[in-house]
Protein chains: 2
Amino acid sequence: MLTATPQLVEQLAERLMQKGWMLATAESCTGGMIAAACTDLAGSSNWFDRGFVTYSNEAKQDMLNVPGALIAAHGAVSEPVARAMARGAVAHSRARCSVAVTGVAGPGGGSEAKPVGTVWFGWHLEDGAAGPQTHAECLRFDGDRAQVRQATVQHALQTLLKLVS
Amino acid sequence: MLTATPQLVEQLAERLMQKGWMLATAESCTGGMIAAACTDLAGSSNWFDRGFVTYSNEAKQDMLNVPGALIAAHGAVSEPVARAMARGAVAHSRARCSVAVTGVAGPGGGSEAKPVGTVWFGWHLEDGAAGPQTHAECLRFDGDRAQVRQATVQHALQTLLKLVS
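Residues numbered from 1 in each chain as written. Chains lettered and ligands numbered in written order. Predicted model: local features only at pLDDT ≥ 70, side-chain atom pairs only at ≥ 80, totals over all residues. Heavy atoms only, no water.

### Quick word on the overall build of chain A
Thought 1: When helices and strands are counted, chain A shows six helices and five strands.
Thought 2: Starting at the N terminus, the α and β elements of chain A follow one another as α-β-α-β-α-α-α-β-β-β-α.
Thought 3: Relative to the compact-globule value of 15 Å for 165 residues, chain A shows a C-alpha radius of gyration of 15 Å, a close match.
Thought 4: Per-residue burial over chain A gives 55% buried out of 165 residues.
Thought 5: Of the contacts formed within chain A by residues at least 6 apart in sequence, a portion of 63% connects residues at least 24 apart.
Thought 6: Roughly 6,300 Å² of accessible area belongs to chain A as shown, and the carbon and sulfur atoms make up 49% of that amount.
Thought 7: Here chain A contributes 13 positive and 14 negative side-chain charges, whose respective centroids are spaced 4 Å apart. (Helix = DSSP H or I, 4+ residues; strand = E, 2+ residues; numbered from the N terminus. Rg over C-alpha atoms; globule rule 2.2 N^0.38 Å. Buried < 20%, exposed > 50% of the residue type's maximum accessible area, 1.4 Å probe, protein only. Contact = heavy atoms within 4.5 Å. Areas by Shrake-Rupley, 256 points an atom, 1.4 Å probe, with all protein chains shown as cover. Lys, Arg positive; Asp, Glu negative; His and termini not counted. Charge placed at Lys NZ, Arg CZ, Asp CG, Glu CD.)

### Describing the environment of Arg83 of chain B
All names here are of chain B.
Thought 1: Summarising the element assignment, Arg83 is placed in helix H5 (residues 79–91).
Thought 2: Considered as a pair, Arg83 and Val164 are 81 residues apart in the sequence and their alpha carbons are 17 Å apart.
Thought 3: Not counting residues within four places of it along the chain, the set of residues in contact with Arg83 comprises Thr134, His135 and Ala136.

### Some remarks on the pairing of strand S3 (residues 97–103) of chain B
Residues and elements named next belong to chain B.
Thought 1: Judged by how many residues are buried, S3 sits mostly within the fold: seven of seven residues are covered.
Thought 2: Residues Cys97, Val99, Val101 and Gly103 of S3 are buried on one face, and the alternating residues Ser98, Ala100 and Thr102, pointing to the opposite face, are buried as well.
Thought 3: Both strand S1 (residues 23–27) and S3 contribute to a ladder of five bridges, which runs parallel. If you follow Ala26 over to S3, its bridge partner there is Ala100.
Thought 4: Of the pairings in the sheet, the one linking S3 to strand S4 (residues 118–127) comprises seven bridges and is antiparallel in character. Looking across to S4, one finds that Gly103 is bridged to Val119. (Pairing = 2+ DSSP bridges.)

### Side note on the relation of the copies chain A and chain B
Thought 1: Note on the copies: chain A fits chain B at an RMSD of 0.0 Å, the axial shift is 0.0 Å, and the rotation between them is 180 degrees. Such a combination of turn and shift is consistent with a two-fold rotation axis. Relative to the rotation axis, the closest C-alpha in chain A is found at Gly32 of chain A, a distance of 2.2 Å.
Thought 2: The share of interface residues of chain A whose copies in chain B are also at the interface is 100%, consistent with both copies meeting through the same surface. (Least-squares fit on C-alpha atoms with pLDDT ≥ 70 in both.)

### Brief notes about the nonpolar core
Thought 1: Core analysis: the biggest nonpolar cluster contains 70 residues, and Leu157 of chain A together with Trp47 and Leu157 of chain B have the highest contact counts within it.
Thought 2: Among residues more than four places away in sequence, those in contact with Trp47 of chain B are Val9, Leu12, Ala13, Leu16, Met17, Trp21, Met22, Leu23, Cys38 and Leu41 of chain B.
Thought 3: With 34 residues, the next largest nonpolar core counts Ala84, Ala86 and Ala95 of chain A together with Ala59 of chain B among its residues. (Core = buried A, V, L, I, M, F, W, Y, C linked by side-chain atoms within 4.5 Å.)

### Side note on helix H3 (residues 57–64) of chain A
Residues and elements named next belong to chain A.
Thought 1: The set of residues buried in H3 consists of Ala59, Lys60, Met63 and Leu64. Seen along its axis, H3 keeps its buried residues to an arc of 105 degrees; they face one direction.
Thought 2: A positive phi of about 60 degrees marks Asn65, the residue just after H3. (Arc of directions from axis to C-beta.)

### Section: the interface of chain A and chain B
Thought 1: At the junction of the two partners, chain A supplies 31 residues and chain B supplies 31 residues.
Thought 2: Both sides of the chain A and chain B interface together cover about 2,400 Å² of buried area, and 54% of this is carbon and sulfur.
Thought 3: Across the chain A-chain B interface, the total number found is six salt bridges.
Thought 4: In this assembly, chain A and chain B are joined by 24 residue pairs in polar contact (both at pLDDT 80 or more).
Thought 5: Taken together, the elements giving at least two residues each to the side of chain A that touches chain B come down to helix H2 (33–39), strand S2 (48–53), H3 and helix H6 (145–164) of chain A.
Thought 6: Among the residues forming the side of chain A that touches chain B, the class breakdown is 13 nonpolar, ten polar and eight charged.
Thought 7: Where S2 of chain A lies against strand S2 (residues 48–53) of chain B, three bridges are found, and the strand directions are antiparallel. (Buried area = accessible area lost by both parts, 1.4 Å probe. Salt bridge = Lys/Arg side-chain N within 4 Å of Asp/Glu carboxyl O. Polar contact = N/O pair within 3.5 Å; in protein donor to acceptor, adjacent residues only side chain to side chain. Nonpolar A, V, L, I, M, F, W, Y, C, P; charged D, E, K, R; others polar.)

### Some details on H6 of chain A
Thought 1: For H6 of chain A, which comprises 20 residues, the first-to-last C-alpha distance of 29 Å matches the rise-based estimate of 28 Å (1.5 Å per residue) to within 8%.
Thought 2: All buried positions along H6 of chain A are accounted for by Arg145, Val148, Arg149, Thr152, Val153, His155, Ala156, Leu157, Thr159, Leu160, Leu161 and Val164 of chain A. (Expected span 1.5 Å × (residues − 1).)

### So, unusual backbone geometry
All names here are of chain A.
Thought 1: A cis amide bond links Gly106 with the next residue in sequence, Pro107, at an omega value of 0 degrees.
Thought 2: Summarising the element assignment, Pro107 is placed in the loop between strand S3 (97–103) and strand S4 (118–127).
Thought 3: Positive phi values are uncommon outside glycine, yet Asn65 reaches one of about 60 degrees.
Thought 4: For Asn65, the position within the fold is in the loop between H3 and helix H4 (68–74).

### Examining the environment of Gly31 of chain A
Thought 1: The topology assignment puts Gly31 of chain A in the loop between strand S1 (23–27) and H2.
Thought 2: Between the alpha carbons of Gly31 of chain A and His155 of chain A there is a distance of 15 Å; along the sequence they are 124 residues apart.
Thought 3: Aside from chain neighbours lying at most four places away, what touches Gly31 of chain A is Val53, Tyr55 and Arg149 of chain A together with Gly32, Ala35, Ala36 and Thr39 of chain B.

In structure tokens, the structure reads:
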């Protein structure tokens, strides 16, 4: 299993430590890979607070307060759920920023509207100066389950780095 | 990053599905790698419920109800904390069994009593027939941070497979 480049995580670590911010992750389709990539780096306890691996819908509700009605209305792989996961991760941690992912890693679970490779990303920043901000984005990755998951980790952390820079 | 062999995860999946049990993970030093190894397997939503990446001490308290006094008295890398993490993972999920790890992955953080490579493992099973059982074990792994983390994932899942078999 490949993960994000160490260089990307090092840059993210440096930026978060400069700001004095902790990070929390909320992962569905990547199942802990984003948290694992972050904690690959020695000293990550200085900026990584916790990770929520909310694989089941019940976990999204229990751990992150994602409303069940939101999941029922839009599906677990959707913009409102990605945003709610990102906000929930900050609300239920000591972190000032978060990244959340929910997608269809495959090979099963795809549909015409949400084919395999579809991933919704959410990022939430509790920025004192700018106020709270939530960003969301949808991407569709090619490849098998492992490739979709790897690409998701990479994009999640790359965009987080941009947002905190 | 290498993780547990796919064969091990496949055997675990088969056994858990036979029993109709869900799994929850509680990870400190591995930072999500055990959850990631489980969810590498397609269809893991049938038996993997959620993962708690409780990297900070606050996360262990908030997410798993590990008493702060226990951490203060024994340290985060200790048998009572590993047991409390394993029990907390089942108590705060829909899972019937859990695996928990807390250790010193290095290169920093070691001490004479708990050198780099020291890992406490906990496993909790809510077995209707046999009643609730918590197991704990301490191992000391050689190698660098990545090797200690990989060996921890492997042992956590190997022993879990034995316990549910």
